[in-house]
Amino acid sequence: MNAEALRVENLTVTTAAGIEIVSGVDLTVREGELLGLLGETGAGKTMTARAILGLQPRGLRATGRVRFGDGEWISLAQPELLAKYLGRTAGLMLQNPMGAFDPIKRIGPQLIESVVHNGLMTKAEALARAAKLCRHLGLGDAESIFRLYPHQLSGGMSQRVALALTLMPAPKVLVVDEPTSALDANLRVEALKLVQSVARDDGTAIVLISHDLGLVSRFCDAIAVLYAGHLVEYGPTSELLHVAAHPYTATLISCSLRLDGPRRTALPTVGGEPPLPGHWPSGCYFHPRCPEARDRCSLERPTFVAGAERGVACHFARQEVRS
């Protein structure tokens with residue numbers, strides 16, 4: 001089994017008014033592994049990932065702790081302590097790849113300036129690494145790419161160059177936030193293949209944020225399902241998709257279109273709306289929308305019960321998953 005690259009314990013994000021928008025999340029990602037953070041819009045995926053890196057928006061406070069590899073534990077309440085780990089140890093690739101570039105500078109200087117400025121590489125070493133990444137990511141002749149301005153890149157090219165920019169300092173942990181949201185279906189698959197190859201070839205641990213179950217199930221080794229800022233289920237992808245322990249996970253799976261399914265079928269939906277922060281229902285946060293809710297669900301909030309590989313927060317989860 002690969003060594004741990006990232007461990008997060010009891011991550012909680014709170015507003016200035018004391019409202020918890022992410023609560024008690026525990027995550028572990030190993031070298032070369034892709035972990036998918038799955039959930040609806042507003043489930044807390046991006047906030048969780050950014051807080052891990054100390055990059056939550058101003059006015060929000062994170063608590064808990066994080067550890068990279070076999071290093072020391074770092075308090076999430078002190079994001080300034082995480083600053084020295086950004087880049088070399090942990091990287092972040094945001095949804096909009098074009099937002100990573102200065103529009104008036106050529107691609108080449110932008111790829112190398114950060115690692116050279118921070119003394120991680122000489123200019124010659126940085127140029128060699130940038131050229132290697134361009135070849136690895138299928139961008140063709142590096143010299144030609146270096147001379148381009150950002151507006152001259154196609155959607156697929158900008159995605160690859162943004163990934164190359166993030167990978168320049170060779171981070172051990174990479175957080176990728178909805179990397180395919182602006183791409184068509186073919187480019188989505190190609191972009192995720194590139195991310196997967198980075199994990200496999202370089203031993204990079206990748207946290208992939210997405211609401212696309214199809215892509216997560218195809219490329220991720222494990223899945224963590226978030227609902228209303230809480231981790232409700234976790235497990236290896238194949239096991240979780242085969243036996244979903246939490247009704248929310250089961251509903252997300254049933255709502256996904258399958259190519260091998262009936263030609264004409266009405267897809268089920270998750271009824272209702274997710275609760276807003278500060279307006280949490282009593283008991284289980286999912287119970288007002290849950291097709292399997294019982295009296296206990298509205299009265300008592302379930303705790304997250306974690307086993308060796310699976311974990312679930314549900315009073316009535318399948319017994320074989322609990323054990």
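Structure shown above.
For every chain, the first residue of the written sequence is number 1, and numbering continues from 1 along that sequence. Confidence filtering applies because this is a predicted model: local features only for residues at pLDDT of at least 70, side-chain atom pairs given and counted only at 80 or more, and all residues used for totals across whole chains, interfaces and linings. Water and hydrogen atoms play no part in the side-chain values, which are based on all heavy atoms of the structure.

**Considering the pairing of strand S3 (residues 34-38)**
Which entries qualify depends on this criterion: Under the scheme applied here, a residue whose accessible area is under 20% of the maximum for its type counts as buried, over 50% as exposed, and between as partly exposed, the area being computed with a 1.4 Å probe on protein chains only. Secondary structure is summarised from DSSP: a helix means a run of H or I of at least four residues, a strand means a run of E of at least two, and numbering begins at the N terminus for each. Pairing between two strands requires that DSSP report at least two bridges joining them.
With 5 of its 5 residues buried, S3 lies for the most part within the structure. The alternating pattern of S3 places Leu34, Gly36 and Leu38 and Leu35 and Leu37 on opposite faces, both of which are buried. Relative to strand S8 (residues 205-210), S3 runs parallel, the two sharing 5 bridges. Of the residues in S8, the one forming a bridge with glycine 36 is leucine 208. Here S3 pairs with strand S9 (residues 222-227) via 4 bridges, running parallel. Opposite leucine 35, over in S9, you have alanine 222 as the bridge partner.

**Considerations on helix H2 (residues 107-117)**
What counts, and what does not: Only heavy atoms enter the contact rule, under which two residues are in contact if any of them lie within 4.5 Å.
Along H2, the residues that are buried comprise Ile107, Gly108, Gln110, Leu111, Ile112 and Val115. At its buried positions, H2 is contacted by helix H3 (123-136), helix H4 (142-146) and helix H5 (155-167).

**Some points on empty space enclosed by the protein**
The cut-off we apply is this: Every definition here rests on a 1 Å grid over the protein atoms only: cavities are sets of points where a 1.4 Å probe fits but cannot get out, pockets are open sets enclosed by protein on both sides within 12 Å along at least five of seven lines, and lining residues have some atom within 4 Å of a point. Grid points are joined across faces, edges and corners, and a volume is the space filled by probe spheres set on the points. Under the grouping applied here, Gly and all other residues not named as nonpolar or charged are polar, the nonpolar ones being Ala, Val, Leu, Ile, Met, Phe, Trp, Tyr, Cys and Pro and the charged ones Asp, Glu, Lys and Arg.
Throughout the structure, instances matching the rule amount to 4 cavities of 30 Å³ or more. In this structure, the largest cavity spans a volume of roughly 100 Å³. Here the lining of the largest cavity is composed, by residue class, of 8 nonpolar, 3 polar and 2 charged.

**Re the packing of aromatic side chains**
As a reminder, the rule being used: Stacked, tilted and edge-to-face are the three classes assigned to paired rings of Phe, Tyr and Trp, where Trp is represented by its six-membered ring and a pair needs centres within 6.5 Å; plane angles under 30 degrees give stacked, over 60 edge-to-face, the rest tilted. For a ring to carry a charge above it, either NZ of a lysine or CZ of an arginine must fall within 6 Å of the ring centroid while also lying within 35 degrees of the normal to the ring plane.
Under the counting rule described, the total for this entry stands at 5 aromatic pairs. Pairwise contacts between aromatic rings join Tyr227, Tyr248 and Phe286 into one cluster. Directly above the aromatic system of tryptophan 73 lies the positively charged group of arginine 65, at a separation of 3.8 Å from the ring centroid.

**Digging into the pattern of salt bridges**
Note on pairing: side chains with opposite charge can pair once their charged atoms come close. The criterion, for reference: One speaks of a salt bridge when a side-chain nitrogen belonging to Lys or Arg is within 4 Å of a carboxyl oxygen belonging to Asp or Glu.
Enumeration over the complete set of coordinates arrives at 8 salt bridges. The salt bridge partner of arginine 200 is aspartate 221, with a shortest N-O separation of 3.2 Å. Of the two residues, arginine 200 sits in helix H6 (residues 185-202) while aspartate 221 sits in the loop between helix H7 (213-219) and S9, which places them 21 residues apart along the sequence. What makes aspartate 221 partly exposed here is its relative accessible area of 31%.

**Here's the deal with the environment of leucine 192**
Note on placement: leucine 192 falls in helix H6. A sequence separation of 23 residues divides leucine 192 from leucine 215, and the C-alpha atoms of the two residues are 7.8 Å apart.

**Some thoughts on the environment of threonine 303**
Here threonine 303 is to be found in the loop between helix H10 (295-299) and strand S11 (305-306). Overall, threonine 303 belongs to the exposed group, its relative accessible area being 60%. Taking the C-alpha atoms as reference points, threonine 303 and leucine 231, separated by 72 residues in sequence, lie 9.9 Å from one another. Here threonine 303 is in contact with Val312, Ala313 and Cys314, once residues within four sequence places are set aside.

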